[in-house]
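# Remarks on the overall topology
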Amino acid sequence: MTITDPRTKSMNGTGNSVAPKRTLFSWAAPANFYVLAGKLIPWFAYAAVILTAIGMYMGFVVAPTDFQQGEVYRIIYIHVPAAWLAMVTYLAMAFWCAVFLIWKTRVSAIMAQALAPTGALFAFVALWTGALWGRPTWGAYWVWDARLTSTLILLFLYLGFIALRSSIDDERKADKAAALLAIVGSINVPIIYFSVKWWNSLHQGASVSPTMAPKMAQTMLTAMMIMTFAVWCYTIAASLYRARTLLLEREGGKSWLKKIGV
Amino acid sequence: MSTHFHFIVASYAVFALAIVIEVTTLILNRRKALNAIDVDNE
């Protein structure tokens, strides 16, 4: 994929201006990434706010009461998006760590570092809302079930990643150590997803699957998907914002920051 | 069946609080990083 940037036109031997080809790797340059992230953040932030408002309206006003669980099922509109986000964010973090280890691009390491706190937050929210949903429906806040336990391990992996990164002073060594932990820990994500199939679990099976018809009312599903897109947009905005701050902290004083007017 | 209203409130309240804490932390950390660059430049 190539993208041409009119701001970076250069002269060839004939005196005509030539727009150099910009590849995906061009965005790994801190200056390019910093500018691009700054442009993307407002779009994702506004989308998150608008989608949350629509999702909440649909979830609490339009969607009907569940015939079995009553009103308490409405926790689904944050529980499921938070659980999905916690898993997908971890995979994204492991992906950026792999990119960092292969190509040594420091922006990749920064992206992984920027994703971790938001992923941990959603893992915690998934566990918290799951406990508050479990009490009225299962009769217990917590059981040592495969799905719940593996999600708790996911939270610990996030916290371990953050703790390991901050415990090593040398940035390069910290990035490498944390990247290895993230990649090895990613094996936990398929375990979480398939735990309800592989083991006898108190947790219900997948309500939404690419291969099956949804097991819930259309309005409930629509509200849940809108909330999922909302938390997606929030996660992207928050991670990009944090990545820009991390770039400032790590690259403070470098010439490219002055060139772009920071 | 009871509405279990308090469980719903506790779920959404903690979710909202977590988002508020994260956004506040993001903004404060960015200000801190920008201030550190300003001090370096001076």
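In case you missed it, the structure is sitting above this.
Residues numbered from 1 in each chain as written. Chains lettered and ligands numbered in written order. Predicted model: local features only at pLDDT ≥ 70, side-chain atom pairs only at ≥ 80, totals over all residues. Heavy atoms only, no water.

### Quick notes on a nonpolar patch on the surface
- Nonpolar side chains collect at one region of the surface, where A:Tyr57, A:Phe60, A:Val61 and A:Val62 lie side by side and expose about 370 Å² of accessible area between them.
- Under the relative-accessibility criterion, A:Val61 is labelled exposed at 55%. (Patch = residues over 30% accessible without salt bridge, like charges linked within 9 Å, V, L, I, M, F, W, Y side chains within 5 Å. Areas by Shrake-Rupley, 256 points an atom, 1.4 Å probe, with all protein chains shown as cover. Salt bridge = Lys/Arg side-chain N within 4 Å of Asp/Glu carboxyl O. Buried < 20%, exposed > 50% of the residue type's maximum accessible area, 1.4 Å probe, protein only.)

### What to know about the packing of helix H4 (residues 146-167) of chain A against helix H6 (residues 188-198) of chain A
All names here are of chain A.
- In the contact formed by H4 and H6, the axes pass within 8 Å of each other and the chain directions differ by 160°. Taken as axis vectors, H4 and H6 run roughly antiparallel relative to one another. Note on packing geometry: the crossing formed by H4 with H6 is left-handed. Together, Ala146, Arg147, Ser150, Thr151, Ile153, Leu154 and Leu157 of H4 and Asn188, Val189, Ile191, Ile192, Tyr193, Ser195 and Val196 of H6 make up the contact between the two elements. (Axes fitted to C-alpha atoms, helices over the stretch in contact; angles between N-to-C directions. Helix = DSSP H or I, 4+ residues; strand = E, 2+ residues; numbered from the N terminus. Parallel < 35°, antiparallel > 145°, perpendicular 65-115°, else oblique. Left-handed = near helix turned anticlockwise from the far one by under 90°. Contact = heavy atoms within 4.5 Å.)

### Observations regarding the nonpolar core
Residue and element names in this part refer to chain A.
- Tyr77, Met93 and Phe122 are the most contacted members of the largest nonpolar core, which totals 77 residues.
- It is helix H3 (residues 106-138) that contributes the most residues to this core, 17 residues altogether.
- Setting aside chain neighbours within four positions, we find Met93 in contact with Ala112, Leu115, Ala116, Tyr158, Phe161 and Ala182. (Core = buried A, V, L, I, M, F, W, Y, C linked by side-chain atoms within 4.5 Å.)

### Describing the layout of surface pockets
Residue and element names in this part refer to chain A.
- In this structure, the second largest pocket spans a volume of roughly 600 Å³.
- In terms of lining, the second largest pocket is formed by 24 residues, of which the most central are Phe33, Phe95, Trp96, Met111 and Leu240.
- By residue number, the principal contributor to the lining of the second largest pocket is helix H2 (residues 76-103), which donates 6 residues.
- A breakdown of the residues in the lining of the second largest pocket according to their chemical character gives 19 nonpolar, 5 polar and no charged. (1 Å grid on protein atoms, 1.4 Å probe; cavity = no way out; pocket = protein on both sides within 12 Å on 5 of 7 lines; lining within 4 Å. Points joined across faces, edges and corners; volume = space filled by probe spheres on them. Nonpolar A, V, L, I, M, F, W, Y, C, P; charged D, E, K, R; others polar.)

### Concerning the interface of chain B and chain A
- Across the boundary between the two partners, chain B contributes 22 residues, which contact 37 residues of chain A.
- Summing both partners gives a buried area of about 2500 Å² for chain B against chain A, and 74% of it is carried by carbon and sulfur.
- Across the contact surface, chain B and chain A share 1 salt bridge.
- Ionic pairing is found between A:Arg242 and B:Glu22, a salt bridge with its closest N-O pair at 2.6 Å. (Buried area = accessible area lost by both parts, 1.4 Å probe.)

### A few points about helix H1 (residues 30-62) of chain A
Residues and elements named next belong to chain A.
- The terminal C-alpha atoms of H1, which comprises 33 residues, lie 45 Å apart, in line with the 48 Å expected from a rise of 1.5 Å per residue.
- Of all the bends in H1, the largest measures some 30° and sits at Leu40, one to four residues before the proline Pro42.
- The set of residues buried in H1 consists of Pro30, Phe33, Tyr34, Ala37, Ile41, Ala48, Gly55, Met58 and Gly59. (Expected span 1.5 Å × (residues − 1). Bend = angle between axes of the 7 residues up to and from the residue.)

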